[in-house]
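Working through the structure, step by step
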Amino acid sequence: ETVIFEAPAVRPITAVRLSGTIGVFEAPLGRSLVGRGATAAGRMPVKEMSREHAALIVSAERVILEDLKSVNGTTVNGTAITGTHELAEGDLISFGTIDLRVDFLRLGGG
């Protein structure tokens, strides 16, 4: 008899958490702006950030980081990005000199 093992289903993403020395920011499902401007949901009032530095696009399956042509740039794990980049759990993103770790929040915890 053949036994087939299936990988456990990955629980849906409900939000993404960015954490670092500047603090913690959580972005819910949908599109959230990150920057120092008043319109940014992830407001980080430091001069290294552009008013609208980047956007996080969070869906149940993945998280996309989009650099919005910021002056000081955006990196993922030390590599500069332009446009969009899909994030992975544990990535280190930098907005200018601001470093933040990426954690996915999932349905049912974790």
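What you see is a predicted model, and the numbers here were worked out from it, not measured in a lab.

For the rest of this paragraph, the subject is the sheet that holds strand 5 (residues 54–58). Strands sit in the order 4-3-5-6-9 across an open sheet of five strands; the sheet is mixed. Edge strands, defined here as strands with exactly one partner in the open sheet, are strand 4 (42–43) and strand 9 (84–87).

It is worth spelling out the pattern of salt bridges at this point. Applying the stated criterion to the full structure yields four salt bridges. A salt bridge links Asp103 to Arg101; the nearest nitrogen and oxygen atoms lie 2.2 Å apart.

By size, the foremost hydrophobic cluster in this structure holds 22 residues, and its most contacted members are Leu56, Leu65, Ile93 and Phe95. Breaking this core down by element, the ones donating at least two residues are strand 1 (13–20), strand 2 (23–28), strand 5, strand 6 (63–67), strand 10 (92–95) and strand 11 (98–106). If one sorts the elements of this core by residue count, strand 11 sits on top with four residues.

Averaged over all residues, the pLDDT of the protein is 91; the fraction at 70 or higher stands at 95%. Taking the mean pLDDT of every element in the protein, the minimum, 86, falls on strand 4 and the maximum, 98, on strand 9.

Ordered in space as 2-1-11-10-7-8, the six strands form an open sheet in which the pairing is antiparallel. Two strands bound the open sheet, and with one partner strand each, they are strand 2 and strand 8 (79–81). The sheet shows a mean angle of 30° between the axes of neighbouring strands, taken without regard to direction.

Where strand 1 meets strand 11, six bridges bridge the pair, whose relative direction is antiparallel. The partner of Ser19 across the bridge, within strand 11, is Arg101. Of the pairings in the sheet, the one linking strand 1 to strand 2 comprises six bridges and is antiparallel in character. Considered in strand 2, the bridge of Leu18 is made with Phe25.

On to the side chain of Asp103. Secondary-structure assignment places Asp103 in strand 11. Here Asp103 falls in the buried class, since its relative accessible area comes to 15%. Residue contacts for Asp103: discarding those within four places in its chain leaves Ala15, Val16, Arg17, Ser19 and Glu89.

Turning to the environment of Arg101, a few remarks are in order. Inspection of the secondary structure puts Arg101 in strand 11. Classification of Arg101 by relative accessible area gives partly exposed; the value is 42%. When near neighbours in sequence (up to four residues on either side) are disregarded, Arg101 contacts Arg17, Leu18, Ser19, Gly90, Asp91 and Leu92.

Reading guide: rules and limits
Residues numbered from 1 in each chain as written. Predicted model: local features only at pLDDT ≥ 70, side-chain atom pairs only at ≥ 80, totals over all residues. Heavy atoms only, no water. Pairing = 2+ DSSP bridges. Helix = DSSP H or I, 4+ residues; strand = E, 2+ residues; numbered from the N terminus. Salt bridge = Lys/Arg side-chain N within 4 Å of Asp/Glu carboxyl O. Core = buried A, V, L, I, M, F, W, Y, C linked by side-chain atoms within 4.5 Å. Buried < 20%, exposed > 50% of the residue type's maximum accessible area, 1.4 Å probe, protein only. pLDDT = per-residue confidence, 0-100. Axes fitted to C-alpha atoms, helices over the stretch in contact; angles between N-to-C directions. Contact = heavy atoms within 4.5 Å.

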